[in-house]
Number of protein chains: 2
Amino acid sequence: MLIPEPLQLVIDELSKLPSIGKKTAQRLALHLLKSDKEMVKSLAKGLIDLKEKIQFCEVCFNISVANICEICTSQKRDRSKICVVEEASDIIAIERTNEFDGLYHVLGGVLSPLSGKGVEDLNIKELLKRFESNEVEEIILALNPDTEGETTSLYMAKLIKPLGLKVSRIARGLPIGGDLEFADDATIGRAVISRIDI
Amino acid sequence: MLIPEPLQLVIDELSKLPSIGKKTAQRLALHLLKSDKEMVKSLAKGLIDLKEKIQFCEVCFNISVANICEICTSQKRDRSKICVVEEASDIIAIERTNEFDGLYHVLGGVLSPLSGKGVEDLNIKELLKRFESNEVEEIILALNPDTEGETTSLYMAKLIKPLGLKVSRIARGLPIGGDLEFADDATIGRAVISRIDI
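Worth saying up front: this structure is predicted, and the values here are computed from it rather than measured. (Residues numbered from 1 in each chain as written. Chains lettered and ligands numbered in written order. Predicted model: local features only at pLDDT ≥ 70, side-chain atom pairs only at ≥ 80, totals over all residues. Heavy atoms only, no water.)

Trainee: So what's going on with the pattern of salt bridges? Which residues, and what values?
Mentor: All names here are of chain B. Counting across every chain of the model gives 22 salt bridges over all chains. One salt bridge in this structure joins Asp49 and Lys45, with 3.0 Å as the shortest N-O distance. Taken together, the positions of Asp49 and Lys45, both in helix H3 (residues 37-53) and four residues apart, correspond to about one turn of that helix. On the basis of relative accessibility, which here comes to 16%, the residue Asp49 falls in the buried class. One salt bridge in this structure joins Asp49 and Lys53, with 3.6 Å as the shortest N-O distance. Taken together, the residues Asp49 and Lys53, both in helix H3 and four residues apart, mark about one turn of the helix. (Salt bridge = Lys/Arg side-chain N within 4 Å of Asp/Glu carboxyl O. Helix = DSSP H or I, 4+ residues; strand = E, 2+ residues; numbered from the N terminus. Buried < 20%, exposed > 50% of the residue type's maximum accessible area, 1.4 Å probe, protein only.)

Okay, structure coming up:
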């Protein structure tokens, strides 16, 4: 037995995490072994609290400490706009910009025949249900600009437009600070097509 | 409050780990949030066990479940040879090769004026004490082949040779499967100097 069992167990658990392989897991576990006991205890307690205190918002599936999240309950948000994202982490990214004051809806992924994700695996039913209040006027699709994201956006637009709602999609184009010379053809092409008057 | 406190706490703790930045920590924490509750609990319990069940061997500073590690207590090991390594993880790496059947000694780092590590910060005193049993005949230095490792090796050799012990250092040269054309000059130079008769 080269590696004591309690250490091997932590290595195995850590290597289940995304982007953490066997070697990284071993290095992390050995680092924790040498770390301050209080720091490791605090991490362990944090993990338990994470699962016990945080849930997903019943309305928009954002992460939340209450049944309904702070954004959904806030009186300051524009309730006529719902921004549809793939994951809760996308909400954090958009909120950081301070450019959107509406509500959100987490789809929980995108349509993907390869990974077996179909319409019923996404929170689409739940989104349609939110339209019943008649408050919603615009749906902003903010899915990732890849093939699956685009396909899902098209599907969502086809589904929602007939309900009389405005459907938009966040812009694709050259990233701020980017260099036209080094941008890929698809991005430049899309930026030309999506040009706006100034 | 964009990120609920229990989540932020886990992100902060995870980002203290080596090679894990703020973004990776956030991705890992969100992954754990979506993971099976049992898996997260098992990781949390593993972390507590890690600190409570594993200690460092009193003789060689290897990781161990008992006061003295399995290698130090084993009757099958050659007690005349001690391989000196920087960290306990190096023992795992050497043991995996099955090429060494002696004992080990973990220095706990190398001499490094930049990070303020001096002679008294390493387990050198404890190594010298192990010579008192008169069982030890050879010290094999297996420190990393960088400037600090080389300096520490030279220091150790100067310290130990006068005691009448044989001191060796693991070989530097072209890595197995490597390509001479792409090896760096220092490695090729050292491989030429350290050539052996065949």
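Trainee: Tell me what's going on with the relation of the copies chain A and chain B, and back it up with residues and numbers.
Mentor: Relative to chain B, chain A is turned by 180° and slid 0.1 Å along the rotation axis, the superposed coordinates differing by an RMSD of 0.1 Å. Within this description, the copies of the chain are treated as partners about a two-fold rotation axis. Distance from the rotation axis, computed per C-alpha, reaches its smallest value in chain A at Ala44 of chain A: 2.2 Å. Taken as a fraction of all interface residues of chain A, those also at the interface in chain B reach 100%, which identifies the copy contact as same-surface. (Least-squares fit on C-alpha atoms with pLDDT ≥ 70 in both. Contact = heavy atoms within 4.5 Å.)

Trainee: I'd love a proper account of the interface of chain A and chain B, names of residues and values included.
Mentor: On the side of chain B, 51 residues touch chain A, which itself brings 51 residues to the contact. Buried area between chain A and chain B, summed over both chains or domains, comes out near 5,100 Å², and the portion from carbon and sulfur atoms is 77%. Counting the contacts that link chain A with chain B gives two salt bridges. With a shortest N-O distance of 3.1 Å, Lys34 of chain B and Glu87 of chain A are connected by a salt bridge. Our count for the contact surface shared by chain A and chain B stands at 12 residue pairs in polar contact (both at pLDDT 80 or more). Elements with a minimum of two residues in the side of chain A that touches chain B: helix H1 (5-14), helix H2 (22-34), helix H3 (37-53) and helix H5 (88-97) of chain A. Looking at the side of chain A that touches chain B, the element that brings in the most residues is H3 of chain A, giving 15 residues. (Buried area = accessible area lost by both parts, 1.4 Å probe. Polar contact = N/O pair within 3.5 Å; in protein donor to acceptor, adjacent residues only side chain to side chain.)

Trainee: Outline the sheet that holds strand S4 (residues 103-106) of chain B, listing residues and values.
Mentor: All names here are of chain B. Overall, parallel pairing links the four strands, which are arranged S4-S3-S5-S6 in an open sheet. Pairing within the sheet leaves two strands with one partner each, and these edge strands are S4 and strand S6 (166-169). The average angle at which neighbouring strand axes cross in this sheet is 25°, direction not considered. Summarising the sheet, strand S3 (residues 81-85) and strand S5 (residues 138-141) pair through four bridges and their orientation is parallel. Counterpart to Ile82 in the pairing with S5 is Ile139. Sheet strands in contact with helix H5 (residues 88-97) are S3 and S4, and its direction is about 155° off that of S4. (Pairing = 2+ DSSP bridges. Axes fitted to C-alpha atoms, helices over the stretch in contact; angles between N-to-C directions.)

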